[in-house]
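The chain contents come next:
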Amino acid sequence: MITALTNSKGGVGKSTLAVHLAVWWQERGADVALVDADGQGSSSLWLQEAAPHIPVFRLQTPDDLLDQVPELRGRFDHVIVDGPAAMSEVTRAILLVTDLALLPCGSFAIDLRAAAEAIRVVQQAQKIRQRDPQAILVPNKLQVQYRLSRELLATAKSLEIASAGGLRLRQAYAEAAGQGTVVWRLGRAGQPAAREIKELFDGLFGEDSQADEPGVAAG
Ligand SMILES: Nc1ncnc2c1ncn2[C@@H]1O[C@H](COP(=O)(O)OP(=O)(O)OP(=O)(O)O)[C@@H](O)[C@H]1O
Ligand SMILES: [Mg+2]
């Protein structure tokens, strides 16, 4: 299965989620690879520190992505694609090959507008491919969880996209990046973040998730 993290807006958590998801799958015994499609290379560098045995592929042109990602699908249980911060041809190519698109987005009105653009591009890919990719909004850096989630969920509904529970704004995510690790290896300080991100992944991919229609929990 291919899971891509895409959103044209920068700094919304694409690489954070990509690295954590790759390590999470590996710890569950899956054969996993990361495709870093962002020229900044932040997720590949981070993952090489956090989990040196996970293969990393840096594919940064539409042609490379269209050619090689479908091949990687046959070689690994899970391929995680970390997208760039642009609604570029690279992002369009990712959306043509991925099974699932997770769209991390911030929790302010401006983030929702940026997400609307990203969702439009996802919906174009869905029209071309008839159905795929499945797309799920992942609200990130939530500060006042309840109210913002409601606003986000209402927007998600109006944009006809499913939404996952999301992640709160927590220092642990930045610390994990700084230390080249994942939040559940930070000890006590990482525990609330570890709980919430594992809950997110369980909801998306766990045995209880509705894999075929990830309508997913409200925040
Ligand atoms: N829930 C969170 N709470 C606090 N900080 C966070 C959270 N999620 C991500 N961050 C921090 O926000 C910054 C941007 O995150 P990240 O690099 O994952 O975003 P991105 O979408 O990949 O950015 P880019 O578009 O530049 O590739 C990083 O410093 C990261 O540590
Ligand atoms: Mg990134």
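Up top is the structure.
Residues numbered from 1 in each chain as written. Chains lettered and ligands numbered in written order. Predicted model: local features only at pLDDT ≥ 70, side-chain atom pairs only at ≥ 80, totals over all residues.

Colleague: Any chance you could explain the site of ligand 1 here in plain terms?
Modeller: Among the 19 residues in the neighbourhood of ligand 1, the closest are listed as Gly-10, Lys-14, Ser-15, Thr-16 and Ala-85. Within the residue set of the shell around ligand 1, elements represented by two or more residues are helix H1 (14–27) and helix H7 (171–179). Here the residues of the shell around ligand 1 are counted per class, giving seven nonpolar, eight polar and four charged. (Near = placed C-beta within 6 Å. Helix = DSSP H or I, 4+ residues; strand = E, 2+ residues; numbered from the N terminus. Nonpolar A, V, L, I, M, F, W, Y, C, P; charged D, E, K, R; others polar.)

Colleague: Looking at this model, I keep getting lost on unusual backbone geometry. Mind explaining?
Modeller: A negative phi angle is the norm for most residues apart from glycine, just as the trans form is the norm for most peptide bonds. Of note, the bond from Asp-132 into Pro-133 is cis; its omega dihedral lies within 30 degrees of zero at -5°. Mapped onto the fold, Pro-133 is located in the loop between helix H5 (109–129) and strand S6 (134–139). We note that Glu-160 has phi near 60°; this positive angle belongs to a residue other than glycine. By the element assignment, Glu-160 lies in the loop between helix H6 (145–158) and strand S7 (162–163).

Colleague: Sorry if this is basic, but what is going on with the sheet that holds strand S5 (residues 100–105) here?
Modeller: Backbone-to-backbone hydrogen bonds join strands into a sheet, with any given pair of strands oriented parallel or antiparallel. A sheet is described by the order of its strands in space; here seven strands give the open sequence S3-S2-S4-S1-S5-S6-S7, paired in parallel fashion. Looking at the sheet topology across the chains shown, the edges are occupied by strand S3 (56–58) and S7. The pairing of S6 with S7 spans two bridges and is classified as parallel. Bridging across to S7, Ile-136 finds its partner in Ala-162. Helix-sheet contacts for helix H3 (residues 62–75) involve strand S1 (2–5), strand S2 (32–36), S3 and strand S4 (78–82), and the interaxial angle to S4 is about 150°. Running over the sheet, H5 touches S5 and S6 and is turned about 165° from S5. (Pairing = 2+ DSSP bridges. Contact = placed C-beta atoms within 7 Å. Axes fitted to C-alpha atoms, helices over the stretch in contact; angles between N-to-C directions.)

Purely geometric stuff here, so don't read any function into it on its own.
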